[in-house]
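Structure at a glance
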Amino acid sequence: MSRVGSKTIEVPDKVKVAIADNHVAVEGPKGKLQLDLPELTDAKLEENQVVVTRESEVKRAKAMHGLARSLINNMVVGVEKGFEKKLEIHGVGFKATLQGKVLNLQLGYSHDINHNIPDGIIVTVDKGTNITVEGVDKALVGKVASEVRSYYPVEPYKGKGVRYSDEHIVRKQGKQVQAA
C-alpha cells in the first residue's frame, strides 16, 4: 500500500471540501482551488477527513494514489495558510522593482527583465533585493520563484545572482597566479 496515499487528510474548520465524480473543489480563507483527480484514483469526504483510494494494485495506480493525496493535501494547506518562497538578489547594481503586475529585474544585462506575475500570485519586493512570492497554489508559487531565479542563477565564483533565501551555494576558488 502507498505510504503517502494511505494517510487521511484532516480538513480544518475554516476549509470546505466538495467532491463530485473525479473533481475536487477546496475553498478556504485564502482562496479557492480545483483539481481533476488523476486516473485510477477516487476520493471520499468522511466527516472532517478526505480519504483517497485507488482502483487496483497495479504500479501506476499506486503512484497515482500518492500523487492524488499529496495534491489534495497541498490544496487544503494552501487555502488555509498559503505558500511562500523567498528569493535574494546578490550582486552590485542588481535589484528588483514591482510595477503593477510586472516584476522588473535589473541583473547586469544590457536590458531590464520584465516578468509578468500570473493571477493568484502575490509578489513583494523589500529593499530592492529580497523578493517574496506568495499564493495558494504550491506548484504555481514554486514555478514563479523558479522562473525568477532562472534569469540569473548564482554563479559559484563571486556568488552573484538570484538565489532562494535558504539555498547554500558552494563557492569555488578562482585561478591562482604562479610565481616564476
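Worth saying up front: this structure is predicted, and the values here are computed from it rather than measured.

Now for the nonpolar core. Counting residues in hydrophobic clusters, the biggest one holds 21 residues, and the most contacted among them are L87, I89, L103, L105, L107, I131 and V133. Mapped onto this core, the elements with two or more residues apiece are β7 (83–90), β9 (102–106), β11 (121–126), β12 (130–135), α2 (138–150) and β13 (161–164). By residue number, the principal contributor to this core is α2, which donates four residues. What L107 contacts, discounting residues up to four positions off in sequence, is I89, F94, I113, Y151, Y152 and V162.

On to the pairing of β11, then. Sheet topology note: the β11/β12 ladder contains six bridges and is antiparallel. Paired with V123 across the strands is V133, a residue of β12. Hairpin connection between β11 and β12: a loop of three residues separates the two successive antiparallel strands, and K127 in this loop has a positive phi of roughly 60 degrees.

Our focus in this paragraph is the sheet that holds strand β8 (residues 95–99). Across a sheet, paired strands are connected by hydrogen bonds in the backbone, their directions being either parallel or antiparallel. The antiparallel open sheet is built from three strands, whose spatial order is β8-β9-β10. Both outer strands of the open sheet, β8 and β10 (113–116), are each paired with one neighbouring strand and no more. Neighbour-to-neighbour, the strand axes of this sheet turn through a mean angle of 25 degrees, independent of strand direction. With four bridges joining them, β9 and β10 adopt antiparallel strand pairing. In the sheet register, L103 faces β10, and the bridge partner there is H115.

Cut-offs applied
- Residues numbered from 1 in each chain as written.
- Predicted model: local features only at pLDDT ≥ 70, side-chain atom pairs only at ≥ 80, totals over all residues.
- Heavy atoms only, no water.
- Core = buried A, V, L, I, M, F, W, Y, C linked by side-chain atoms within 4.5 Å.
- Buried < 20%, exposed > 50% of the residue type's maximum accessible area, 1.4 Å probe, protein only.
- Helix = DSSP H or I, 4+ residues; strand = E, 2+ residues; numbered from the N terminus.
- Contact = heavy atoms within 4.5 Å.
- Pairing = 2+ DSSP bridges.
- Axes fitted to C-alpha atoms, helices over the stretch in contact; angles between N-to-C directions.

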